[in-house]
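# Chain and residue survey
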Protein chains: 2
Amino acid sequence: MAAQKPSIPKGTRDFTPVEMARRNYIFDTIRAVFILHGYQPIETPAMENLSTLMGKYGEEGDKLLFRILNSGDYLKGVKGSGLRAQGSEHRTQGSEHRAQGSEWAVGSGQLAESGIRDLSAFTQHISEKGLRYDLTVPLARFVVQHQHNLNFPFKRFQIQPVWRADRPQKGRYREFFQCDVDVIGSDSLLYEIEQIQIVDEIFTRLDLPVTIRINNRKILYGISEAIGAADKLTDITIAMDKIDKIGVEKVIEELTQRGLTDDAITKLQPILTLDGKIKEKKAFLEELFNSSDTGKKGLDELCHVLKYLKSLDVRNKFEFDVRLARGLSYYTGTIIEVMARDVPMGSLCGGGRYDDLTGIFGLPGLSGVGISFGADRIYDVLLSQDLFPDAILSTTQLLLVNFGEEEERFSMQLLMKARKAGIPAEIYPEPVKLKKQLDYANRKQIPYVALAGKEEIESGMITLKNMKTGEQQSVSASRITEYIQ
Amino acid sequence: MAAQKPSIPKGTRDFTPVEMARRNYIFDTIRAVFILHGYQPIETPAMENLSTLMGKYGEEGDKLLFRILNSGDYLKGVKGSGLRAQGSEHRTQGSEHRAQGSEWAVGSGQLAESGIRDLSAFTQHISEKGLRYDLTVPLARFVVQHQHNLNFPFKRFQIQPVWRADRPQKGRYREFFQCDVDVIGSDSLLYEIEQIQIVDEIFTRLDLPVTIRINNRKILYGISEAIGAADKLTDITIAMDKIDKIGVEKVIEELTQRGLTDDAITKLQPILTLDGKIKEKKAFLEELFNSSDTGKKGLDELCHVLKYLKSLDVRNKFEFDVRLARGLSYYTGTIIEVMARDVPMGSLCGGGRYDDLTGIFGLPGLSGVGISFGADRIYDVLLSQDLFPDAILSTTQLLLVNFGEEEERFSMQLLMKARKAGIPAEIYPEPVKLKKQLDYANRKQIPYVALAGKEEIESGMITLKNMKTGEQQSVSASRITEYIQ
């Protein structure tokens, strides 16, 4: 067979050891902080039933699902407009991948017309599973399915890849990781506070200063109510979500097109440009919400969260931003979004309170709050800011040079000793030229190389080379591990 | 919308926090030992091009691949026997998922006959990607694709799920994890030895005694040569692989059916029942291999490995088993297989030397050796033998009881203190009945609960309850973290 030139599907990536080290540095940091706050890990299958996934991400989302072709005879039973399965006539031999036991065929001329009408039905027939699109719907499904074995409030985190058939572009992949932390089964504001503490702790540990923007969906509802456009809440939310990208004027243009009255726009305008201290914003909104109980409640919740945060030694900047909207429809209370302070990059993480995520799977009335961390963007920011610690890149600490059979036996004993002391170590597999062995150590960023030739073995004093400084030292064989530690 | 009863695809699993803790205990142990021996992690995408996967796992394997339906208009351009794409006639409106820009239709009556002949072509057309079936083929693809950036010998490990459309049954899943460790680019026997040391170290750390069975494919070739059936090597390998399951007699029956001569069978019989000390087996084979250089070489390799292992303080039992064959066709030298010593269960891990894994992707002549650990079987054995340490199950160490707004503020400060000291801790989110809060702690296996009510706050002495013993103690607020540590 001719050799294939290997490649991977567009939008996907291999992770080399260096990339793994960096990615794991992020995951390990995030995971440790989640655990510190009492969250427990779960994982769900890569494949979910399409009935679980479909209709949860909007029309656009449905199109971006990766679908799995049913295994085995996936065309069995295909019928209806334009397609029908036939029994055993026309069975074909000689194809390894042929359908077994039934055949895919099309009945008659008239079906050329109707066949196409059923692409959707056809697709449903041949594909019943899809790849996970996010970690939120699987969480809802998980909570409902395992509800009798879970301890509520259920605090879980989940770090897994998700797949989206998006057009790949710089920084946007078809396979990427999400790191989600959620609590389900309590409407206590303590959890919003806790999760903002988590954000604060994670970015402090990563040494990356961020700004945490906070708002509340009830405030947005209150605003739409107060300007006389309560029925336009979704339009207002979607438009406001773009304010950073397209600016206030374009947002107003869009809202006019979507049917907001001039009166409503006039009232909305000062809100879209609302700035200043929290106190001032609060005073402004308090007056606005004379006519909106929901708005008032949202403002109360927000102030409670902000006040608590102030007392809790949060190290990153947090601010109330009434323009923060977040696109997803399921949020009902607090919403937050986090940006790197000095790096122009989209949000690094975001989330909020939702009140009925599990309702669609038959368990209504469970409030939850969660935040999703975008590992790829965090990776890119840390890399651009040179914030990955050097230490994460070194793996093997000691390479033993191979001088031949006899010396090898001696070095193998040293090797065992190093490993027993917990030092990642290896021996070069063959007695090739020293330069080649040292090159190997350099390329793998191994900091120490031990040379145990005939002389060294006799004297019991090994030559230990520091690969960074180039320095060589004579160290007693029995003390090599101490020396490296 | 009516509530959906949630479920997951058959053969897949959710991992609850308890299962995650157990699984991560295995992964963490395996990973730490891999790193200790100088192996570095990589990861590859869940999806590979089908051109990468097809033809690598035999006919059976091809059928077990999960295929991804192409995204977008997957029927575009479908034509040929029975299928053709049409331009713009018959465009259908009103279906969200309709194909865009072309239509799927079937031409004429005669195609009912020819349509089926092209199921294989049709499948290829609508699906170009598949889910990873193992970690070996992706490794080969990775090595060839990144060859200019890798440091050879390339020592990598990989812990990721794989997917197979196998019939699900007890202990066999459609999504399961493999933990593979391989080195590519050296034929040094030191790597066989190193990987057996890895096996020994991992099962020692897991406290699970195992037997490591070792053989060499060259010995099997030598045997087939010596009995005059060199052309039947594959048949002999496949049949011998079943010896543990079906017994010697059935193996001989199978080989007779596959055309082995009576003479060959007569010569093979004593080999199939060969037992005794390594020395005796060696003597027997040495004589047998007078006529087989390959056999001799295999025996030399094997003896070198065994001799080295003896000098290296291997704690688990290892044995030379001439009947060990391992099914996979790509092995060319050392093969090993590991079983739990006292538990009837299939092999927990296995692997061996292969000489041309990357050839199919255009990089011939790279020898490698690797071992794959079956996480699920190891999980089942550890569970059945009660070998999971209790400590892995506890996550949160301290729960602060919530007595109301004022006390909560005080407890939140304690909570921060505990977390700063590295103690995973949380507060109950609402001031509900104490019993409910203690129940929460119990179900989550939280060992300590701190009660800071009005009195405690005034006196500065917190009540700390040990949830295992039920004991309560009065501890100074400032010393709670020390106490728990």
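Residues numbered from 1 in each chain as written. Chains lettered and ligands numbered in written order. Predicted model: local features only at pLDDT ≥ 70, side-chain atom pairs only at ≥ 80, totals over all residues.

### Digging into the overall build of chain A
Here is the rule: Here a strand is any run of E in DSSP of at least two residues, a helix any run of H or I of at least four, and the numbering for each starts at the N terminus. We compute the radius of gyration over the C-alpha atoms and compare it with the globule rule, which gives 2.2 Å times the number of residues raised to the power 0.38. Buried, partly exposed and exposed are defined by the number of other C-beta atoms within 10 Å of a residue's own C-beta, namely 20 or more, between the two limits, and 12 or fewer respectively, with C-beta atoms placed from the backbone.
Regarding its fold elements, chain A presents 18 helices and 18 strands. Computed over C-alpha atoms, the radius of gyration of chain A comes to 30 Å, more than 25% over the 23 Å expected from 2.2 N^0.38 for 485 residues, which places it beyond the range of a compact globule. For the C-alpha atoms alone, the extent of chain A along its principal axes is close to 95 × 80 × 45 Å. For chain A, with 485 residues in total, the buried portion stands at 44%.

### Points about the nonpolar core
The following threshold applies: Any set of buried Ala, Val, Leu, Ile, Met, Phe, Trp, Tyr and Cys residues joined through C-beta atoms within 7 Å is what this text calls a nonpolar core. Remark: residues whose backbone-derived C-beta atoms lie within 7 Å of one another are considered to be in contact.
Within the largest apolar cluster, 240 residues are counted, with the highest numbers of intra-cluster contacts made by Val199, Leu400 and Ala450 of chain A together with Val199, Leu400 and Ala450 of chain B. With residues up to four places along the chain from it excluded, the contact list for Ala450 of chain A reads Leu398, Leu400, Val401, Leu414, Ile462, Leu464 and Ile480 of chain A.

### Considering the confidence of the model for chain A
Residues and elements named next belong to chain A. How we decide: The quantity called pLDDT is the predictor's confidence in a given residue, expressed from 0 to 100.
Taken residue by residue, chain A gives an average pLDDT of 88. The fraction at 70 or more is 90%. Counting interchain partners and residues more than four positions distant, the pLDDT-below-50 stretch residues 80-117 has 92 contacts. Across the interfaces of the predicted complex, the ipTM metric reaches 0.89, alongside a pTM of 0.90.

### Some remarks on the sheet that holds strand β9 (residues 210-216) of chain B
Across a sheet, paired strands are connected by hydrogen bonds in the backbone, their directions being either parallel or antiparallel. All names here are of chain B. Threshold: We call two strands paired when DSSP finds no fewer than two bridges between them. Angular values range over 0 to 180 degrees, each being the angle between N-to-C directions of two axes fitted as lines to C-alpha atoms, with helices fitted over their stretch in contact.
Here we have eight strands laid out as an open sheet, ordered β1-β7-β8-β13-β12-β11-β9-β10, and mixed in their pairing. The open sheet terminates on both sides in strands that have one partner only, identified here as β1 (40-41) and β10 (317-320). The sheet strands contacting helix α7 (residues 190-205) are β8 (175-184), β9, β10, β11 (331-340), β12 (349-354) and β13 (368-374), and the helix crosses β13 at an angle near 15°.

### Some words on the pairing of β9 of chain B
All names here are of chain B. With respect to burial, β9 is a largely interior element, six of its seven residues being buried. Bridge count between β9 and β10: four bridges; the pairing is parallel. Across the sheet, residue Ile212 finds its bridge partner in β10, namely Phe318.

### Regarding helix α12 (residues 278-288) of chain B
Residues and elements named next belong to chain B. Quick reminder of the rule: Relevant arc is that of directions from the helix axis to the C-beta atoms, nothing else.
Three or more residues of α12 are buried, namely Lys281, Leu285 and Leu288. Along the axis of α12, the buried positions cluster into a sector of 50°, meaning they face one direction only. When the buried face of α12 is taken as reference, the exposed residues oriented beyond 90 degrees from it are Lys279, Glu280, Ala283 and Glu287. Turning to α12, the residues buried within the fold contact α8 (217-226), α13 (293-310) and β10.

### Examining the sheet that holds strand β6 (residues 129-131) of chain A
With antiparallel pairing, the six strands of this open sheet are ordered in space as β2(A)-β6(A)-β3(A)-β3(B)-β6(B)-β2(B). Each of the sheet's edge strands pairs with one partner strand only, and the pair in question is β2 (47-49) of chain A together with β2 (47-49) of chain B. Pairs of neighbouring strands in the sheet enclose a mean axial angle of 45°, with direction left out of account.

### Describing helix α15 (residues 405-420) of chain A
Applied cut-off: Expected helix span is computed as 1.5 Å times (number of residues minus one).
Taking 1.5 Å per residue as the helical rise, α15 of chain A with its 16 residues ought to reach 22 Å, and the 23 Å between its terminal C-alpha atoms agrees with that figure. The complete set of buried residues in α15 of chain A reads Glu408, Ser411, Met412, Leu414, Leu415, Ala418 and Arg419 of chain A. Turning to α15 of chain A, the residues buried within the fold contact β14 (398-400), β15 (425-427), β16 (448-451) and α18 (480-484) of chain A together with α1 (17-36) of chain B. Among the residues trailing α15 of chain A, Gly422 of chain A stands out with phi positive, at a value near 85°.

### Looking at the domain arrangement of chain A
How big an interface is tends to be stated in terms of accessible area lost as the parts join. Residues and elements named next belong to chain A. For clarity, the threshold we go by: A domain assignment, automatic or from a database, supplies the domain bounds used here. Three classes are used: nonpolar for Ala, Val, Leu, Ile, Met, Phe, Trp, Tyr, Cys and Pro, charged for Asp, Glu, Lys and Arg, and polar for all others, with Gly counted as polar.
Segmentation of chain A into domains returns domain 1 (12-46 + 132-209 + 347-393), domain 2 (210-341) and domain 3 (394-484). Of note, the centres of domain 1 and domain 2, computed from C-alpha atoms alone, are 24 Å apart. The interface of domain 1 with domain 2 comprises 24 residues on the first partner and 25 residues on the second. Listing elements by their share of the side of domain 1 that touches domain 2, those giving two or more residues are α7 (190-205), β12 (349-354) and β13 (368-374). Class assignment of the residues belonging to the side of domain 1 that touches domain 2 gives a composition of 14 nonpolar, six polar and four charged.

### Some words on the environment of Glu175 of chain B
In this structure, Glu175 of chain B sits in strand β8. Sequence separation of Glu175 of chain B and Lys10 of chain B is 165 residues, and the distance between their C-alpha atoms is 9.7 Å. If near-sequence neighbours (up to four positions away) are discounted, Glu175 of chain B is found in contact with Pro45, Ala46 and Met47 of chain A together with Gly11, Thr12, Pro161 and Trp163 of chain B.

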